[in-house]
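Observations on chain architecture
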Amino acid sequence: MCGICGFTGQVVDRNQTIKNMTEVITHRGPDSDGVFTDDYISMGFRRLSIIDIGVTGSQPIYNEDKTLVLTFNGEIYNYQDLRKILIEKGHKFYTDTDSEVLVHGFEEWQEGLLDKLRGMFGFAIYNTVDKSVFIARDFFGIKPMHYTTVNGNFIYASEIKSILEYPGFEKEFNYNALDTYLSYQYCVPPETFFEGVYCLLPGHYLWYKDGKIETTRYFDPKFEPDETITEEEAVDRIEKVFENSVNAHKIADVEVGCFLSSGVDSSYVSTYFADQKTFTVGFDFGKKYNEISWAENLSKKIGVEHHTHLISSEEFWDAVPTVQYYMDQPLADPSCIALYFVSRLASEYVKVVLSGEGADELFGGYTCYNDPRVFKIYQTIVPYCIRKAICKLCKKLPDIKGRDYLIRATHPLEERFIGNAFMYDKEEKQALLQNSSIATRPQELTKKHYIKARKYDDVTKMQYLDINMWMVGDILLKADRMSMANSLELRVPFLDKEVFKVASKLPTRLRCNKQNTKYAMRKAAARHLPIETAEKEKLGFPVPTRVWLRDEHYYMVVRERFLSKTAQKFFNCDILLDWLDEHYNNKEDNSRKVWTIYVFLVWYDIYFKEGETKVTKPENHLAELKKLAEERRRKAQEEAERAENEAFEETERILNEGIEKVNASFPKDNTVVKEETEEKTEEISEESSQAKMIYEDIFSSSTAVENAQNAEDFKIEVQEPVVSDEEIDKIINEVNSLDE
């Protein structure tokens, strides 16, 4: 895994420029760097060594006569097979890396190379003869690639922050990106939040020749269901191809680990990791927000070394700026922060991890894929005009059961479904934005995908849309950025070209039906997993933002942002505060809408902070917070011990005073017969028990020593006195008065 960047043309101090562009993405490859320059282009590279980890694996890499220069980010899993074919064709290799098959393969097949690859990639090849630049991105968009032009020069990079280091680039905010972000919770590619900077789309390649950019799509994830496939055949095919994919994705010269949640996707992957390492994080908010126990139980059953981390509230909120810095663009999916922490945990042990991204999109796993079946009866019986009227009424109702169903079931699929996240519609954006003219209908961006998928059933249409939008703009973006932020390579065996071939042939009834989502895939997983894991309901990665935003401290953190100059620049702050207060007062669940705005404001102040042209990484105070938390725990423990001692001493003092009064009343020369002594001793023993209860009441009332057991060990030894009943009554009254 690596980071690449480059630019054509001349600038002042070209060497320093390419160095700056390369160094700002050091997190993508801390092991080494490399640079190629000639009179036309400068190419930079950062390396995280995984295969052929010695010096020979460094980049740039050349063909035999060095007319082609390659920089590459990713992994090619079938490189050994391609290497053999190319050697047979006469090509000479000087490294053992997967990278070198790209430069020789391009020399042999040009763009046709891409159809032969199995892997994840973003790479650039420069032709020193005709001064052309070829850039390609993998089939599903696992690895990123961005580009722009400045004064006729072409600039490209794995991350946008690298492009920002180019001296001629003038950073300008893209308002169109804000419009799409408010609806989707991410900026919809190919647009970015930086005017003029674009994202090369998945399954596309780009030629830069003679000052012109031309992009072409070479892969389109089309579904071709085969209705003749039986359930058993489908399960067999899935099991076989997935095992093959996992084994291919495990190829490395370093140790490979695996992320592990309570869900079926990563759990299925982890079954191929016996005697290796898995990683899980959770939140201390009960089972709903903590999958650690599930993962730990599974890890014991499959025999893996499991590592966990419980994310504190302070850690999470403190990491928000750091995460948004690494994201390059705001992403309002709070699970990206959890992914940052699990990546950080894994990076302490391994360089490579496998994860379960892509299973839901390919095999029909999201709960919302049930909607077409669930809504069918309602939409058939109730005319559209009446459904619209009911929808308007429901929008005015409080958050009651059934309201969201009636709202969602109102419109046809193409109108209601823009992907897994739908934050704001056009009307809400117009009311919210200071510049309301930028607000558009989010359905305008999904229209082209629905046109391509027009012959599919509704479930398959949703899958096709998610593969092309949600998976690219959210799922894979955060997977790449959060893993690379921790210099960790993340591989996704579900998003394999061969796995998709099998998934694309499955009938819809074997993807999503009344029994479950990802139906056939779960059956394949059940051959390797406990049935309760294979059939477990889809949860995603639950993050307690809804709970935090009803906590006074975090309410105030967000409120301060909503009153900031940045908020006033973009939004109607009165509306923001109303939403925040509604949520805080438990009148409405506005957590997702509130979080979307909050994340944008945090991100904007990092990348477009007023008066600053240089983007700097926010300080991460996690280590300091951990130190402070430990200090707080130490002081709390000391305070508890002090309170416990004080309570014990006070109780002991009260009891001693009572016993002294009893003893003071005893005659020193008592000679009464033993029978009378025993009778009076029983009475005093009873009162001693009451005294003991006084001790327990006082001791247990201290919150600092709640549930302490010391009182059980307290004993009172009573002499054998002989006193009158009147004297005993007097003493009892005095003791009772002490309790009061």
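In short, a report on the structure. The structure displayed is predicted, hence computed values, not measured ones. (Residues numbered from 1 in each chain as written. Predicted model: local features only at pLDDT ≥ 70, side-chain atom pairs only at ≥ 80, totals over all residues. Heavy atoms only, no water.)

Moving on, we come to the environment of Tyr-326. Structurally, Tyr-326 can be placed in helix α10 (residues 313-327). Its relative accessible area of 7% is what places Tyr-326 among the buried residues. Along the backbone, Tyr-326 and His-27 are 299 residues apart, and their C-alpha atoms lie at a distance of 9.5 Å. (Helix = DSSP H or I, 4+ residues; strand = E, 2+ residues; numbered from the N terminus. Buried < 20%, exposed > 50% of the residue type's maximum accessible area, 1.4 Å probe, protein only.)

So, about the pattern of salt bridges. Inspection of the entire model under this criterion finds 40 salt bridges. Here Arg-509 and Glu-227 are joined by a salt bridge, their closest N and O atoms 3.9 Å apart. Of the two residues, Arg-509 is situated in the loop between α21 (497-503) and α22 (519-526) and Glu-227 in the loop between β12 (212-217) and α7 (231-249); the sequence distance between them amounts to 282 residues. Connected via shared salt-bridge partners are Arg-28, Lys-143, Glu-159, Lys-161, Asp-328, Asp-480 and Arg-481. (Salt bridge = Lys/Arg side-chain N within 4 Å of Asp/Glu carboxyl O.)

Here we come to the packing of helix α2 (residues 79-88) against helix α3 (residues 100-109). For the pair α2 and α3, interaxial distance at closest approach is 10 Å and the crossing angle is 50°. With respect to α3, the element α2 is oriented oblique. The two elements α2 and α3 cross, and the hand of that crossing is left-handed. Here Tyr-79, Leu-82, Arg-83, Ile-85 and Leu-86 of α2 lie close against α3, whose contacting residues are Val-101, His-104, Gly-105, Glu-108 and Trp-109. Residues belonging to the contact of α2 with α3 are distributed by class as follows: 6 nonpolar, 2 polar and 2 charged. (Axes fitted to C-alpha atoms, helices over the stretch in contact; angles between N-to-C directions. Parallel < 35°, antiparallel > 145°, perpendicular 65-115°, else oblique. Left-handed = near helix turned anticlockwise from the far one by under 90°. Contact = heavy atoms within 4.5 Å. Nonpolar A, V, L, I, M, F, W, Y, C, P; charged D, E, K, R; others polar.)

As a further point, take helix α13 (residues 371-381). Of all the positions in α13, only Asp-371, Pro-372, Phe-375 and Tyr-378 are classed as buried. Buried residues along α13 cover an arc of 130° about the axis, so they all sit on one side. Away from the buried face of α13 by more than 90 degrees, exposed residues Lys-376, Ile-377, Thr-380 and Ile-381 are located. The elements touched by buried residues of α13 are α14 (384-395), α15 (403-408), α16 (413-416) and α19 (458-468). (Arc of directions from axis to C-beta.)

Sheet architecture is open: 6 strands sit in the order β2-β3-β1-β9-β8-β10, paired in antiparallel fashion. Each edge of the open sheet carries a strand with a single partner, namely β2 (32-37) and β10 (198-199). As judged from the 6 bridges shared by β2 and strand β3 (residues 41-47), these two strands associate in the antiparallel manner. The residue of β3 that forms the bridge with Ser-32 is Arg-47. (Pairing = 2+ DSSP bridges.)

Don't take any of this as a statement about function, it's just geometry.
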